[in-house]
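Now for the letters of each chain:
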Amino acid sequence: AKRRNVVVSMPSVEQSQAKVFAEDHSDESATLLLQRVVRGMIDRTFYKKIRSMHEKQRAASARRKVKPVKKPNAVDILEPDGYLSRATQQKILQRGEPMDRGEVIQRAIKIKRKDTAQLRMEMGEGVVWHAGETKSIRWTMLGTLPIAKVGLYLYQKGEPKLTIVKSIRNLGKYIFSMPEDSTLSDEYQILVIAEEPKLPHIHSFTPAFTVAAPAPGQLVRVPPAIPTIDVTFPIRPNWSWACGSSYNISWTDSGSVGIVQIDVMRKGVFSFRVIGSLLNVGGMQYAMPLTAPTGDGYQIRIRSATNKKAFGLSSPFAIVDKEAATAVPRQPKPQAHFRP
């Protein structure tokens, strides 16, 4: 029988051994031998790659270093309103430096942590602010954290006196007129505070200043008069407006009223709207909707669209169903008379 030529990929030494065995044995024995040699080569190559991969993983794990977590330095953290933590005060005392509040705050600004924020008012000592006078309130922002919105509040003797403005853009200044009816005192302060959810403690006070009487010759700002509106119809007391019927709503006004809007109120609470924007012509015709809620205690409110304080109310009236208003009451049947 002719010998079969079996070609496999193996090293030269093992291939020569296989040929020697093939010459000494039959074709079947040579084939089995070659299969065992090839299987052994595959197994050795596979496990060699696995061992190499495991060794690389162990070497990488050994080279990997765990970075220590950096704890925040309590000495660099500023407390609200420029006050320093005890650790910072102790550090400054150990240096032999003075603990004057103004100097300490200035020094603390230089050593504060980068991720902090602070507001500082720009107002000197001994400022006199006359009642009715308009001044510019200015402040600066220190640190790197952004402060988008701030609020300004007027304090007297450490107690809140007036809300100047809330949630305005942090532009660093605000124009404010001191109210003319302010109590004359030398213990006023203005607070600026960051109105941010993540920065509720960032704030600053101005030094105490004096609110004095208006200066001689000072121009006093007179507030504009509020326009008035008087409703002339409906004005009859205990009047009923049937659903589906039309009536003229009329009014008179004084001052600058402009565009008006007309609503139906019930016992002081908004019920439904008649019209949202109407030229101030003094009257309009209106048909009560068939689906309007019925009842008593209704009023017509006419209000300026530009000045919500200018409005007028009609006399109370009732809204009744159309069928109930037009129904003819039944006459009682005459009773029969019987003769005794």
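Residues numbered from 1 in each chain as written. Predicted model: local features only at pLDDT ≥ 70, side-chain atom pairs only at ≥ 80, totals over all residues. Heavy atoms only, no water.

Looking now at the packing of aromatic side chains. Evaluation of the coordinates by the stated rule reveals 13 aromatic pairs. Measuring from ring centre to ring centre gives 6.1 Å for Y188 and F209, while their planes differ by 25°; the resulting arrangement is stacked. Linking Y188 in strand β7 (residues 185–194) with F209 in strand β9 (residues 209–212), this pair joins segments that are 21 residues apart in sequence. The buried category is assigned to Y188, whose relative accessible area is 0%. Its relative accessible area of 1% is what places F209 among the buried residues. Both rings, one in W239 and one in W241, keep their centres 5.4 Å apart while their planes meet at 50°; by these two values the pair is tilted. Members of the aromatic cluster, joined through ring pairs, are F233, W239, W241, Y247, Y286, Y298 and F317. (Phe/Tyr/Trp six-rings, centres within 6.5 Å; stacked < 30°, edge-to-face > 60°. Helix = DSSP H or I, 4+ residues; strand = E, 2+ residues; numbered from the N terminus. Buried < 20%, exposed > 50% of the residue type's maximum accessible area, 1.4 Å probe, protein only.)

Right, let's talk about the side chain of S314 for a bit. Among the structural elements, S314 can be located in the loop between β17 (311–313) and β18 (317–320). Residue S314 is classed as buried on the basis of its relative accessible area of 4%. Polar contacts involving the side chain of S314 include one to the main-chain amide nitrogen of I300, which spans 2.8 Å. (Polar contact = N/O pair within 3.5 Å; in protein donor to acceptor, adjacent residues only side chain to side chain.)

Tallied over the entire structure, the rule returns 4 salt bridges. Between R273 and D263 there is a salt bridge whose closest N-O contact spans 2.7 Å. Here R273, found in strand β14 (residues 269–278), pairs with D263, found in strand β13 (residues 260–266); they are 10 residues apart in sequence, far enough to count as distant. Between D263 and R301 there is a salt bridge, and its shortest N-O distance comes to 2.7 Å. You can see D263 sitting in strand β13 and its partner R301 sitting in strand β16 (residues 295–304), a full 38 residues away along the chain. We classify D263 as buried; its relative accessible area is 0%. (Salt bridge = Lys/Arg side-chain N within 4 Å of Asp/Glu carboxyl O.)

For the bond running from F233 to P234, omega is 5°, close enough to zero to count as cis. A positive phi angle, near 55°, is found at K157, a position not held by glycine. Position of K157 among the secondary structure elements: in the loop between β4 (149–156) and β5 (159–169). Judged by its relative accessible area of 59%, K157 is exposed.

So, on to the confidence of the model for the protein chain. On average, the protein chain scores 76 in pLDDT, and the residues at 70 or more come to 67%. Low pLDDT, under 50, characterises residues 71–82; the stretch is placed with 27 contacts to residues that sit more than four places away or in other chains. (pLDDT = per-residue confidence, 0-100. Contact = heavy atoms within 4.5 Å.)

The next subject is the sheet that holds strand β12 (residues 246–254). Strand order in the open sheet formed by 3 strands is β10-β12-β15, and the pairing between neighbours is antiparallel. Only two strands of the sheet have a single partner each, and these edge strands are β10 (228–233) and β15 (283–287). Going from strand to strand, the sheet's axes swing by 30° on average, the running direction of each strand aside. With 5 bridges connecting them, β10 and β12 associate as antiparallel partners. Opposite I229, over in β12, you have D253 as the bridge partner. (Pairing = 2+ DSSP bridges. Axes fitted to C-alpha atoms, helices over the stretch in contact; angles between N-to-C directions.)

Consecutive side chains of a regular strand alternate in pointing toward one face of the sheet and then the other. By the bridge criterion, 7 bridges tie β4 to β5 in an arrangement that is antiparallel. Residue pairing in the sheet places L154 in a bridge with L162 of β5. Counted along the chain from β4 to the antiparallel partner β5, the turn is 2 residues long, and its residue K157 has a positive phi close to 55°.

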